[in-house]
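The primary structure of each chain is shown beneath.
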Amino acid sequence: MDAVERDVRRAVADWSAAPPAALAGIPLEGWSYEVSSVRIDGVRAFARAELRYRLTGYDAAPAGSARELELTRDAGTWAVAADRPAPGAPPQLWDQGPVTVRRGAHALVLGGAGQSSGSLSEIAAEADKAVPAASAAWPRPWAGRVVVLVPGSLDEMAALLGRPADEYRGLGAVTTGQTGAGTAPADRVVVNPEGYGQLTAEGRQVILTHETTHVATRAATTAKTPLWLSEGFADWAAYRDSGRTPAEAAPALARAVRLGDLPAALPEPGAFAFGGDADALARAYEGSWLACRLIARRWGDAALVSLYEKAGRQSLPTALTQTLGTDAAALTRTWQQELSREFR
């Protein structure tokens, strides 16, 4: 490493000793930039770095963000002139404009450019209801709090997630995070302001409780967990105290069954892909919810929770045998019979 690169690295370290003043309202700690490479171009320099930070009281481990810093040299001194996402890396919420912070008893809500304080306060209140609802459905240790990001638009939501906007059109929110046990940054519930804004008050609460349940169950969720069980359990948690009947909460599946299109099997992973047939996606979610509702009613809430835990550690056939004393074929037949009875 030559003297010029050392000077650039020192300038980055000095500049990043604390979060920028513009982010003072966000509860940040452990703020640092780890430079991985430096490219010098005359009086300019470009540094690739990994930003690491924690949201105070929420992140058990640092969150990361790939960054590119541009520095300029004046009178022999290097200074950071720009900080942006590295090429191909998703932005942070504050890259999209000013961030407004609202806190609830169980939630931290970060709103992007254009989000009003009133709407963010409403989401914080909804999150405060979602957290105890998720805890009631999932009586296992978890953080008991949630981070909600509310970007300014659907396009900005998609940018944060690094995916095309069409994949999220019509959705209310999604959750990001690392599956499995272990220390990790807190999951982020990312709201689609367009889809969320079109929902009724009840619909918003269902969506936020569903996503918060994903946060609660994250440590027990692995690549082994069937998607029908993961998504169905989250919907079961969201609907369990709503009083909604299957016909009211599963209209797409009800129509299909009444037309003679009874599902041949529990939903496969591909049925949950965004951006495709919206009606088929709805049927997948609705069928998964009704499968979990069936398990809770026939075998008990505790059995459903135990199935979720075991299905993340071992094969589904083994988990079904140990918790319900049945197999996938028998469960599917019982589920089909329940659908026929509910929607006759």
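Residues numbered from 1 in each chain as written. Predicted model: local features only at pLDDT ≥ 70, side-chain atom pairs only at ≥ 80, totals over all residues. Heavy atoms only, no water.

How should the overall build of the protein chain be read in this particular structure?
Check the secondary structure of the protein chain and you find twelve helices and nine strands. Over its C-alpha atoms, taken along the principal directions, the protein chain stretches across nearly 80 × 40 × 35 Å. Sorting the 344 residues of the protein chain into buried and exposed places 48% on the buried side. Residue pairs at least 24 apart in sequence account for 62% of intrachain contacts in the protein chain once pairs closer than 6 positions are excluded. (Helix = DSSP H or I, 4+ residues; strand = E, 2+ residues; numbered from the N terminus. Buried < 20%, exposed > 50% of the residue type's maximum accessible area, 1.4 Å probe, protein only. Contact = heavy atoms within 4.5 Å.)

Sorry, what's going on with the sheet that holds strand 7 (residues 146–150) here?
Strand pairing within a sheet occurs via backbone hydrogen bonds; the two strands may be parallel or antiparallel. Within the open sheet, the five strands sit side by side as 5-6-7-9-8. Their pairing is mixed. The open sheet has two edge strands with one neighbour each: strand 5 (100–103) and strand 8 (173–176). Each adjacent strand pair in this sheet contributes to an overall mean axis angle of 20°, direction not counted. (Pairing = 2+ DSSP bridges. Axes fitted to C-alpha atoms, helices over the stretch in contact; angles between N-to-C directions.)

Looking at this structure, how should I read unusual backbone geometry?
The backbone of Ala-75 sits at a positive phi, close to 55°, despite the residue not being glycine. Within the fold, Ala-75 resides in the loop between strand 3 (63–74) and strand 4 (77–85).

Would you mind showing me how to read the nonpolar core here?
General note: in soluble globular proteins, nonpolar side chains tend to be found buried as a group. Ranked by internal contacts, the top residues of the largest apolar core, which has 61 residues, are Val-148 and Trp-228. A total of ten residues in this core trace back to one element, the largest contributor, which is helix 9 (residues 278–299). When neighbours within four sequence positions are excluded, Val-148 is seen to be in contact with Leu-108, Val-109, Leu-110, Ile-123, Ala-127, Val-189 and Val-191. Tyr-33, Leu-55, Tyr-58 and Tyr-168 belong to the second largest nonpolar core, which has 38 residues in total. (Core = buried A, V, L, I, M, F, W, Y, C linked by side-chain atoms within 4.5 Å.)

So what exactly am I meant to see when it comes to the environment of Ala-186 here?
Tracing the chain through its elements places Ala-186 in the loop between strand 8 and strand 9 (188–191). Apart from residues no more than four positions distant in its own chain, Ala-186 is found in contact with Tyr-58, Asp-59 and Val-147.

What is the right way to look at the packing of aromatic side chains in this model?
Aromatic ring pairs are defined here through the distance separating the ring centres and the angle between the ring planes. Inspection of the entire model under this criterion finds eleven aromatic pairs. Taking the centre distance of 6.0 Å and the plane angle of 65° together, the rings of Trp-31 and Tyr-33 count as edge-to-face. Three or more aromatic residues link up through ring pairs in this structure, and these residues are Trp-15, Trp-31, Tyr-33, Tyr-53 and Trp-94. Over the face of the ring belonging to Tyr-58 we find Arg-145, whose NZ or CZ atom lies 5.7 Å from the ring centre. Lying across the ring of Trp-236, Arg-240 places its NZ or CZ 4.8 Å from the centre. (Phe/Tyr/Trp six-rings, centres within 6.5 Å; stacked < 30°, edge-to-face > 60°. Lys NZ or Arg CZ within 6 Å of the ring centre and 35° of its normal.)

I keep staring at helix 9 and nothing clicks. Help me out?
An α-helical segment advances 3.6 residues per turn. Residues three or four places apart therefore align on the same side. Here helix 9 contains 22 residues, and its C-alpha end-to-end distance of 32 Å stays within 8% of the 32 Å for a straight helix at 1.5 Å per residue. N-cap assignment for helix 9: the residue whose side-chain oxygen lies 2.9 Å from the backbone N of Asp-279 is Asp-277. Where helix 9 terminates, the next one or two residues include Gly-300, which has phi positive at roughly 105°. (Expected span 1.5 Å × (residues − 1). Polar contact = N/O pair within 3.5 Å; in protein donor to acceptor, adjacent residues only side chain to side chain.)

Mind showing me how you'd approach the pattern of salt bridges here?
Side-chain pairs of opposite charge can arise whenever the charged atoms involved come near each other. Per the counting criterion, the structure on display carries 23 salt bridges. Its salt-bridge partner being Glu-342, residue Arg-293 comes within 3.4 Å of it at the nearest N-O pair. Here Arg-293, found in helix 9, pairs with Glu-342, found in helix 12 (residues 328–342); they are 49 residues apart in sequence, far enough to count as distant. Residue class for Arg-293 comes out buried when judged on its relative accessible area of 12%. For Glu-342, a relative accessible area of 22% gives the class partly exposed. Sharing partners across several salt bridges, the network here consists of Asp-41, Arg-44, Arg-48, Glu-68, Glu-70 and Arg-84. (Salt bridge = Lys/Arg side-chain N within 4 Å of Asp/Glu carboxyl O.)

Would you take a moment to explain the sheet that holds strand 4 for this structure?
As summarised here, the arrangement of the four strands in space is 1-2-3-4, forming an open sheet in which the pairing is antiparallel. Edge strands, defined here as strands with exactly one partner in the open sheet, are strand 1 (28–41) and strand 4. Taking each pair of neighbouring strands and ignoring which way they run, the sheet shows an average axis angle of 30°. Bridging between strand 3 and strand 4 involves eight bridges; their strand directions are antiparallel. Bridge assignment links Leu-71 to a residue of strand 4, and that residue is Val-80. Strand contacts of helix 1 (residues 3–15): strand 1, strand 2 (44–55), strand 3 and strand 4, with the helix running at about 155° to strand 1, the strand carrying the most contacts.

When you look at helix 8 (residues 251–258) in this model, what are you seeing that I'm missing?
Taken as a whole, helix 8 has its buried residues at Ala-252, Leu-253, Ala-254, Ala-256 and Val-257. Residues of helix 8 that are buried in the fold lie against helix 9 and helix 12. A positive backbone phi angle near 90° is found at Gly-260, which sits one or two residues after helix 8.

Which parts of the structure should I look at to understand the side chain of Asp-59?
Its location among the elements puts Asp-59 in the loop between strand 2 and strand 3. A distance of 2.8 Å separates a polar side-chain atom of Asp-59 from the backbone nitrogen of Leu-55. Within the structure, the side chain of Asp-59 is placed 2.6 Å from the side chain of Arg-188, a separation counted as a polar contact. What Asp-59 contacts, discounting residues up to four positions off in sequence, is Tyr-53, Arg-54, Pro-185, Ala-186 and Arg-188.

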